[in-house]
Structure formats: structure tokens, C-alpha cells
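# Observations on the model geometry
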Amino acid sequence: QVQLVESGGGLVQAGGSLRLSCVASGRSFSDYAMGWFRQAPGMEREFIASILENTAYRYYSDSDSLKGRFAISRDSAKNTAYLQMIRLRPEDTAIYYCATTPSIYYRDPRKFNGWGQGTQVTVSS
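Our subject in this report is the structure included herewith. These figures come from a predicted structure and were not determined experimentally.

### With respect to the environment of Thr 119
Position of Thr 119 among the secondary structure elements: in strand S10 (residues 119-124). The class of Thr 119 is buried, set by a relative accessible area of 10%. Spatially, the C-alpha atom of Thr 119 lies 7.9 Å from that of Gly 10, the residues being 109 residues apart in sequence. Residues contacting Thr 119, with those up to four places away along its chain left out, are Glu 6, Ser 7, Gly 8, Gly 9, Leu 20, Ala 94, Ile 95 and Tyr 96. Among the polar contacts listed, one links the side chain of Thr 119 to the backbone nitrogen of Gly 9, at a separation of 3.0 Å.

And the structure:
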């Protein structure tokens, strides 16, 4: 069973950038796709992006609010996936989670497992 630990969150001003990390242990990274989600208070968990380890193929949410600002990547040697976020906005404030899934095309959080504890991102205006 895979264990995931997110880090890299924090407080940032609007327009700033952050890079989140998700370290996987307990299973080979190549066995699955890794995805990033976020959840704001009172809101549903929102899919952001996912990535395959072996080909680095990426699949992004089609949300206009995310396009062009969020990028997923991975370092197989470190069993780590990253989420680079730029031009952050106050509405990006949320807890950001990573999780694994057998198919990169899944967006439904119920298709993901191995959820980490999340990392808080707060964007001030």
C-alpha cells in the first residue's frame, strides 16, 4: 500500500508562486498515476491534474480557473510528484492533496486512494 506525504504549502500573496511536493513510499511509483486535488472549506474536492510515472504523460482539469497556472511534474528517482502553481489568487486558498489512481483519466476523487494528509495553501489579497 502506498503512503503519500504532501508538503510545500504556506501563506503567499496574490500573484505569488508555490511548488507542492508529494512523496510516495511503500510501492513503486510506476504502478499508478499520481493526481493532485484541492478542497476549499465547504466545497467539494476538486481535481487539478494527474501524471503517469513511466511516460510523464499529464492530464489536466479543463477548469478555466486553473489553466495556464498549474503544472504537474514528477521525479521518478525521488518517487515524488510536484505541483507548480503560479499567479496565485485568493480563490486558490485550499488544502491540497495528492492521491493515486489506476487510470490517468480519472477525475472523480472516489477513483483515487492513498490520500495524503494534505498541505494548506493560503493566498492573501
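Moving on from the model shown.
### Considerations on the state of the cysteines
On inspection of all chains with the given rule, the structure shows 1 disulfide. Each disulfide pairs two cysteine sulfurs, and for Cys 22 the partner residue is Cys 98, the sulfurs being separated by 2.0 Å. Measuring the twist about the S-S bond at about 70°, one finds the Cys 22-Cys 98 disulfide to be right-handed. Taken together, the residues span a long stretch of sequence, with Cys 22 in strand S3 (residues 18-25) and Cys 98 in strand S9 (residues 94-101) at a distance of 76 residues. On the basis of relative accessibility, which here comes to 0%, the residue Cys 22 falls in the buried class. On the accessibility criterion, Cys 98 (0% relative accessible area) is buried.

### What to know about the environment of Tyr 96
Take Tyr 96: it is sitting in strand S9. Assessed through its relative accessible area of 0%, Tyr 96 is described here as buried. For the pair Tyr 96 and Arg 45, spaced 51 residues apart in sequence, the C-alpha to C-alpha distance is 9.2 Å. With residues up to four places along the chain from it excluded, the contact list for Tyr 96 reads Glu 6, Leu 20, Trp 36, Phe 37, Arg 38, Ile 48, Phe 70, Leu 83, Met 85, Gly 118, Thr 119 and Val 121. Of note is the side chain of Tyr 96, whose polar atom sits 3.0 Å from the side chain of Arg 38. At 2.7 Å, the side chain of Tyr 96 and the backbone oxygen of Asp 92 are in polar contact.

Thresholds applied
- Residues numbered from 1 in each chain as written.
- Predicted model: local features only at pLDDT ≥ 70, side-chain atom pairs only at ≥ 80, totals over all residues.
- Heavy atoms only, no water.
- Helix = DSSP H or I, 4+ residues; strand = E, 2+ residues; numbered from the N terminus.
- Buried < 20%, exposed > 50% of the residue type's maximum accessible area, 1.4 Å probe, protein only.
- Contact = heavy atoms within 4.5 Å.
- Polar contact = N/O pair within 3.5 Å; in protein donor to acceptor, adjacent residues only side chain to side chain.
- Disulfide = S-S within 2.5 Å.

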